[in-house]
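The residues making up each chain are set out below.
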Number of protein chains: 2
Amino acid sequence: MNRIVQCVPNFSEGRDLDKIEKIIDPFRGKEGVKLLDYSRDADHNRLVVTVVGEPEPLKKAVLQAIGIAIKEIDMTKHQGQHPRMGAVDVIPFIPIRNVTEEEAKELAAQVAEAAAEQYGLPIFLYEKSASDPGRENLAKIRKGQFEGMFEKLKEEEWKPDFGPQTPHPTAGVTAVGARMPLVAYNVNLDTNSLEIANRIAKNVRHLSGGLRYCKGIGIELEDRGIVQVSMNMTDFTKTALYRVFELIKIEAKRYGVNVVGSEVIGLLPMEALIDTAVYYLGIEDFSMEQILESRIME
Amino acid sequence: MNRIVQCVPNFSEGRDLDKIEKIIDPFRGKEGVKLLDYSRDADHNRLVVTVVGEPEPLKKAVLQAIGIAIKEIDMTKHQGQHPRMGAVDVIPFIPIRNVTEEEAKELAAQVAEAAAEQYGLPIFLYEKSASDPGRENLAKIRKGQFEGMFEKLKEEEWKPDFGPQTPHPTAGVTAVGARMPLVAYNVNLDTNSLEIANRIAKNVRHLSGGLRYCKGIGIELEDRGIVQVSMNMTDFTKTALYRVFELIKIEAKRYGVNVVGSEVIGLLPMEALIDTAVYYLGIEDFSMEQILESRIME
């Protein structure tokens with residue numbers, strides 16, 4: 001795999017293992033597609049699949065999985081703790097390697113158009129793919145959930161980007177869009193003051209004047225008696241990990257507090273850390289093609 | 001490819017393109033083997049191939065290439081600027097991913113034994129595979145070159161590890177061994193004093209009291225009017241890049257000199273830089289399995 005897109009489709013089925021296996025099946029044993037992970041939650045009654053692939057084979061596999069999910073899931077009988085508006089609730093496409101943001105948006109649009117046409121599914125484009133700033137935020141699109149969509153879609157403001165202007169009777173509505181890889185990154189402080197962690201979070205996060213692609217809050221690590229600035233880095237290619245790390249060190253100084261470490265939760269693309277190493281070592285003219293693994297994946 | 005070994009065989013043919021293509025052919029189009037690069041030099045009359053693969057398919061491909069090289073190359077007629085002792089001069093095996101040093105040594109021993117048996121080739125194990133400290137250094141084994149091997153192998157001290165105690169009449173002698181990935185890493189200083197670069201190189205390199213897996217010299221970058229400490233890091237898993245970088249900064253201080261950047265020449269494994277990022281960010285409990293690309297390669 002040389003050009004790699006990640007896709008993390010969320011399906012509204014977290015209980016029936018037979019149905020879950022059927023939905024996942026299109027992501028298995030295909031050239032150019034690799035299933036990395038899937039997790040289901042019975043309380044949420046939701047399935048989250050993590051898959052990567054070359055754009056074309058990935059597109060085909062996702063469209064197959066949508067078709068199966070629509071057949072298997074009946075939203076009129078669905079209950080669960082997680083907000084949801086459709087059998088295929090949301091399908092984000094994330095550029096990972098040799099794929100631009102524009103190309104991920106193009107892929108999302110192709111999947112949205114084909115799914116609307118093949119399955120009569122109304123589809124909203126969201127995040128980077130949004131046709132309107134009011135549609136970037138998934139929570140806004142999903143407000144009202146499956147049950148509320150029948151009224152919501154009648155409003156001109158909520159005309160879907162693709163497909164009919166009425167929800168699929170049993171599969172509801174789906175959001176499809178491109179977003180950048182999200183890195184869950186936390187920085188630990190040698191204090192137990194949650195207030196200090198929250199103040200620092202406010203200083204570094206975008207919402208309150210900080211870095212453009214950083215969301216953050218303070219949280220307590222009770223068992224360790226310390227606090228941390230817990231963040232989602234929503235585009236590390238533009239807001240680098242080292243930048244927020246150094247900024248937190250600077251902000252912590254004013255409280256006489258030190259940074260004692262950090263943590264990365266879950267997966268992240270190699271580039272996020274290579275970028276950081278290249279910064280600290282001051283490496284000149286570095287190319288990702290110098291990474292042996294990049295060459296192997298070509 | 002999940003378990004990856006790199007192999008960089010050196011063949012004594014840098015001029016005849018037909019022969020070169022024949023020698024490279026076993027590394028093309030094979031499941032579990034990927035040819036990354038090859039470069040030939042007519043003056044050196046030498047071919048350097050860079051290939052990666054899973055241990056078993058790589059072993060088979062290397063043995064095939066050895067057989068072809070022995071048939072195609074006649075060392076009695078070979079001339080070139082680079083020292084050489086055989087048609088297949090040297091075959092290093094380098095553990096890259098999910099392969100231990102021990103397993104790379106085992107692979108080297110298997111190839112050495114099979115090549116000796118199949119082709120009647122005397123073989124010395126060198127570097128990490130050496131049966132004796134006096135055989136670690138390739139230059140010592142190769143001393144006397146092809147022409148001198150006929151006398152050298154008569155000495156009890158230079159009995160080959162595998163194969164006959166006399167050179168192959170037209171293919172000479174081959175060295176096979178495991179070594180760690182070598183990273184060519186240079187650190188630039190804001191001075192034009194070669195003496196300072198050399199003093200710092202002496203302080204950080206193993207030979208004169210520095211870090212165990214670091215070789216280094218000072219060199220001038222004439223076009224930029226600065227100097228650099230030019231290094232070969234011979235095992236970055238034990239002597240990390242950030243460690244030598246920080247040590248050079250500390251040493252440079254005593255001369256009132258600053259480090260102004262660094263450079264990596266050629267390829268390096270992702271782990272060498274991930275390790276560095278994890279150090280500078282103080283990331284706790286990081287696993288290489290958190291790298292998306294690691295998961296994709298599984």
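Residues numbered from 1 in each chain as written. Chains lettered and ligands numbered in written order. Predicted model: local features only at pLDDT ≥ 70, side-chain atom pairs only at ≥ 80, totals over all residues. Heavy atoms only, no water.

So, about the packing of aromatic side chains. Taken as a whole and assessed by the stated rule, the structure comprises 11 aromatic pairs over all chains. When the centroid spacing of 4.0 Å and the interplanar angle of 5° are considered together, the rings of Tyr 242 of chain B and Tyr 279 of chain B count as stacked. You can see Tyr 242 of chain B sitting in helix H7 (residues 241-253) and its partner Tyr 279 of chain B sitting in helix H8 (residues 270-281), a full 37 residues away along the chain. Assessed through its relative accessible area of 14%, Tyr 242 of chain B is described here as buried. Ring pairing ties together the aromatic residues Tyr 242, Tyr 279 and Tyr 280 of chain A together with Tyr 242, Tyr 279 and Tyr 280 of chain B, which thus form one cluster. Between the NZ or CZ atom of Lys 152 of chain A and the centre of the ring of Trp 158 of chain A, over which it lies, the distance is 4.2 Å. Arg 212 of chain A extends its terminal NZ or CZ atom over the ring of Tyr 213 of chain A, reaching a point 4.6 Å from the ring centre. (Phe/Tyr/Trp six-rings, centres within 6.5 Å; stacked < 30°, edge-to-face > 60°. Helix = DSSP H or I, 4+ residues; strand = E, 2+ residues; numbered from the N terminus. Buried < 20%, exposed > 50% of the residue type's maximum accessible area, 1.4 Å probe, protein only. Lys NZ or Arg CZ within 6 Å of the ring centre and 35° of its normal.)

With that settled, the discussion passes to the UniProt feature "domain: Formiminotransferase C-terminal subdomain" (unreviewed entry) in chain A. Under the UniProt annotation, "domain: Formiminotransferase C-terminal subdomain" (unreviewed entry) lies at residues 181-295 of chain A. Span residues 181-295 of chain A is 35% helix and 26% strand, its end C-alpha atoms 21 Å apart. (UniProt positions renumbered as here; feature names shortened; annotations may be inferred.)

Once that is clear, we can look at the domain arrangement of chain A. All names here are of chain A. Domain boundaries in chain A define domain 1 (4-178) and domain 2 (183-297). Computed from C-alpha atoms alone, the centre-to-centre distance between domain 1 and domain 2 is 30 Å. With six residues of domain 1 at the contact, the number on the domain 2 side is seven residues. A combined buried area of about 480 Å² lies between domain 1 and domain 2, and 47% of that area is made up of carbon and sulfur atoms. The three residues of domain 1 that bury the most area against domain 2 are Ile 96, Arg 97 and Lys 128, which together make up 67% of that side's buried surface. If you look at where domain 1 meets domain 2, you find one salt bridge. (Domains from an automatic or database assignment. Contact = heavy atoms within 4.5 Å. Buried area = accessible area lost by both parts, 1.4 Å probe. Salt bridge = Lys/Arg side-chain N within 4 Å of Asp/Glu carboxyl O.)

What follows is about the relation of the copies chain A and chain B. Between the two copies, chain A and chain B, the superposition gives an RMSD of 0.1 Å; the rotation angle is 180° and the shift along the axis is 0.0 Å. Expressed as a symmetry operation, the mapping of one chain copy onto the other fits a two-fold axis. Residue Ala 277 of chain A of chain A places its C-alpha closer to the rotation axis than any other residue of that unit, at 2.2 Å. Mapped onto chain B, 100% of the interface residues of chain A are again interface residues, and the two copies thus contact each other with one and the same surface. (Least-squares fit on C-alpha atoms with pLDDT ≥ 70 in both.)

With numbering matched to this structure, UniProt assigns "domain: Formiminotransferase N-terminal subdomain" (unreviewed entry) to residues 3-180 of chain A. Counting secondary structure, residues 3-180 of chain A comes out at 33% helix and 23% strand; the distance between its end C-alpha atoms is 15 Å.

Glycine aside, a negative phi is what most residues show, and trans is what most peptide bonds show. All names here are of chain B. Positive phi is not limited to glycine here, since Gln 145 has a value of about 55°. Along the polypeptide, Gln 145 turns up in helix H5 (residues 145-152). Despite not being glycine, Asp 285 has its phi angle at roughly 50°, a positive value. On the basis of relative accessible area, Asp 285 is assigned to the exposed category, the value being 75%.

Let us look at a negative patch on the surface. Residues Glu 127, Asp 132, Glu 136, Glu 155 and Glu 157 of chain A make up a contiguous surface patch of negative charge. For Glu 136 of chain A, the position within the fold is in the loop between strand S6 (123-125) and helix H4 (138-142). (Patch = residues over 30% accessible without salt bridge, like charges linked within 9 Å, V, L, I, M, F, W, Y side chains within 5 Å. Areas by Shrake-Rupley, 256 points an atom, 1.4 Å probe, with all protein chains shown as cover. Lys, Arg positive; Asp, Glu negative; His and termini not counted. Charge placed at Lys NZ, Arg CZ, Asp CG, Glu CD.)

Under the 1.5 Å per step criterion, the end-to-end length of helix H7 (residues 241-253) of chain A is 19 Å for 13 residues, consistent within 8% with the ideal 18 Å. When H7 of chain A is considered as a whole, its buried residues turn out to be Leu 241, Tyr 242, Val 244, Phe 245, Ile 248, Glu 251 and Ala 252 of chain A. (Expected span 1.5 Å × (residues − 1).)

Of all hydrophobic cores here, the largest spans 75 residues; its most connected members are Tyr 185 of chain A together with Tyr 185 of chain B. If near-sequence neighbours (up to four positions away) are discounted, Tyr 185 of chain B is found in contact with Leu 281 of chain A together with Val 229, Ser 230, Met 231, Met 233, Leu 241, Val 244, Phe 245, Ser 262, Glu 263 and Val 264 of chain B. (Core = buried A, V, L, I, M, F, W, Y, C linked by side-chain atoms within 4.5 Å.)

Residues and elements named next belong to chain B. Summarising the element assignment, Pro 26 is placed in the loop between helix H1 (17-24) and strand S3 (33-41). Look at Pro 26 and you get buried, because its relative accessible area is 2%. For the pair Pro 26 and Asn 188, spaced 162 residues apart in sequence, the C-alpha separation works out to 41 Å. Setting aside residues up to four positions removed in sequence, Pro 26 forms contacts with Ala 61, Gln 64, Ala 65 and Ile 68.

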